[in-house]
Amino acid sequence: MINETLRKKLESGNLTDMDVLAILDWQLSLPAEEMDCGLISECDLFLAPNAPGLSSEQKDALLAGVMARISGVGESVPSSAPQRTRRQPPVKATHRARPRKALLIALITVLLLALAVGGVAYSVQRGVLNFTEDFGFARMVSQEGAEEFVSSGTLAHLELEHVDVDVLEAVYDGADLRVVYSLTDHSGEVHMAEHSSDAYVMPGEGEVTMCDYILVNGQDAYFNNDWEAPGDDPGQMLYYLQTNLPAWGVDVTGAEELTIGLPMFPLDLENPGSRRTLDFTISAVPPEGLVRHAAVKEASADGHSVYVVNSVFSPLNGYVELFYEGLTREYFYAHMNTLCEVYAVDGSILTSSYLEGPVHSESEFEGKQGMSIGFSITPTEGAWPDEMIVALEMEDYSPDWEVTLLLDPLAAEASE
């Protein structure tokens, strides 16, 4: 976690550039697992938030030097990188020349990249990629590259009389949307709910209410999952929200940004038609080259033709919406148990899956009548396979409806 005292000094501007450089020296002297990525980012913003980058050759040289320091291979730094001496803060530098800002920012950038290579880049203790990892259930799985989708920091902040509200993280991959926000009671205490061993009283109750939906670009989206857990700060509770936008009919096609509103304030009884929200904005455009899409290779669905309406396979999550021509809502509920499995092409279980969002009513797709059903698929270990089988289970033990999906190659692979 970020040292809050240092963070406040950085944000208040009470430190000089040399103080911040000394802090960076200290961070670079630590083992990789002890480095504070958040603090390094704060130093980055303090020193030169808009500094230009370097050429690819310079970045490679800097990365080699940073990796050497992290791994303990040696103390030397490439000649293209600023020469730095290790020491512990808060000793103040008074006679040291300051490196050029462009070099410094590049060094910080490749440091964060190097930490990602070392597996410790995502250092948030409880965020959108790992909120439930110590729950013993609700396993969260993501693939390499998922952290590139995450927006971290204080995305929104509000101070009320009894509680502070902070949106800490959000992530969106083109379908799956997750948010982590905190409520911090000014009393510095959290309390267990009455007659409960695992639920808490919401901080600031009365000033704020629990979110039971969110607004995304003016459209309502409801949750597939929501969890709570105490935070690290006194009086802090953390809240995790997860939804799938296309599964809930939220259309953000062509949007560059998502404006997300958390309706966490009590209703105004004098104006019941309006709802105050805490708003923040994140990018609606996933990182380039990390999202795959699917097409139907073949289907065995009791004679029904199957089409892909929408698909997103990212390091964060897999989602596919399939349209079954001729399927009726009546038949679905009479013969299917709403369970699904995902198999590898050899017939072995590949990963877990569940039906996403509300089961759609009978609808039309490209002039055809039928039903479309969304499936959320837990990421596989490693990378997504090129093929997988999504199977809808039948209630009467008749053959499952199986659809073999073919995933397109990643952009980087397609260009080779």
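Describing the overall build of the protein
Of the regular secondary structure elements, the protein holds seven helices and 19 strands. Counting the 416 residues in the protein, one finds 45% classified as buried. Intrachain contacts of the protein at a sequence separation of at least 6 include 62% that bridge at least 24 residues. Carbon and sulfur atoms make up 50% of the accessible area of the protein, which amounts to about 20,600 Å² in all.

Here we look at the layout of surface pockets
By volume, the second largest pocket amounts to about 360 Å³. Along the wall of the second largest pocket there are 19 residues; nearest its centre are Tyr172, Gly174, Val252, Thr253 and Asn310. Take the lining of the second largest pocket: its biggest share by element is three residues, from strand β11 (residues 306–313). Split into classes, the residues belonging to the lining of the second largest pocket amount to ten nonpolar, seven polar and two charged.

Observations concerning the sheet that holds strand β7 (residues 236–244)
Overall, antiparallel pairing links the five strands, which are arranged β1-β2-β3-β7-β6 in an open sheet. Because the sheet does not close on itself, it has two edges, and the strands there are β1 (150–159) and β6 (225–230). Taking the axes of each pair of neighbouring strands and ignoring which way they run, one obtains an average angle of 15° across the sheet.

Quick word on the nonpolar core
In terms of nonpolar packing, the biggest core is built from 34 residues, with Leu258 and Leu262 touching the most fellow members. Mapped onto this core, the elements with two or more residues apiece are β1, β2 (163–172), β3 (176–185), β4 (214–216), β7, β8 (257–262) and β9 (278–283). Broken down by element, this core gets its largest block of residues, five residues, from β2. Among all residues touching Leu262, those that are not within four sequence positions of it are Val167, Tyr181, Cys211, Ile214, Leu241, Arg276, Thr277, Leu278 and Phe280. By size, the runner-up hydrophobic cluster in this structure holds 26 residues, among which are Ala301, Phe313, Val320 and Ile377.

Section: the pattern of salt bridges
All chains considered together, the criterion is met by five salt bridges. For the salt bridge of Arg178 with Asp176, the shortest nitrogen-to-oxygen distance reads 2.7 Å. You can call Asp176 buried: its relative accessible area is 0%.

Re the packing of aromatic side chains
As enumerated under the stated definition, the model contains 14 aromatic pairs in all. Each ring, one from Tyr222 and one from Trp248, has its centre 5.6 Å from the other, and the planes form 55°; the classification is tilted. With Tyr222 in the loop between β5 (219–221) and β6 and Trp248 in the loop between β7 and β8, the pair connects residues that are 26 residues apart, well separated along the chain. For Trp248, a relative accessible area of 27% gives the class partly exposed.

Rules used in this analysis
- Residues numbered from 1 in each chain as written.
- Predicted model: local features only at pLDDT ≥ 70, side-chain atom pairs only at ≥ 80, totals over all residues.
- Heavy atoms only, no water.
- Helix = DSSP H or I, 4+ residues; strand = E, 2+ residues; numbered from the N terminus.
- Buried < 20%, exposed > 50% of the residue type's maximum accessible area, 1.4 Å probe, protein only.
- Contact = heavy atoms within 4.5 Å.
- Areas by Shrake-Rupley, 256 points an atom, 1.4 Å probe, with all protein chains shown as cover.
- 1 Å grid on protein atoms, 1.4 Å probe; cavity = no way out; pocket = protein on both sides within 12 Å on 5 of 7 lines; lining within 4 Å.
- Points joined across faces, edges and corners; volume = space filled by probe spheres on them.
- Nonpolar A, V, L, I, M, F, W, Y, C, P; charged D, E, K, R; others polar.
- Pairing = 2+ DSSP bridges.
- Axes fitted to C-alpha atoms, helices over the stretch in contact; angles between N-to-C directions.
- Core = buried A, V, L, I, M, F, W, Y, C linked by side-chain atoms within 4.5 Å.
- Salt bridge = Lys/Arg side-chain N within 4 Å of Asp/Glu carboxyl O.
- Phe/Tyr/Trp six-rings, centres within 6.5 Å; stacked < 30°, edge-to-face > 60°.

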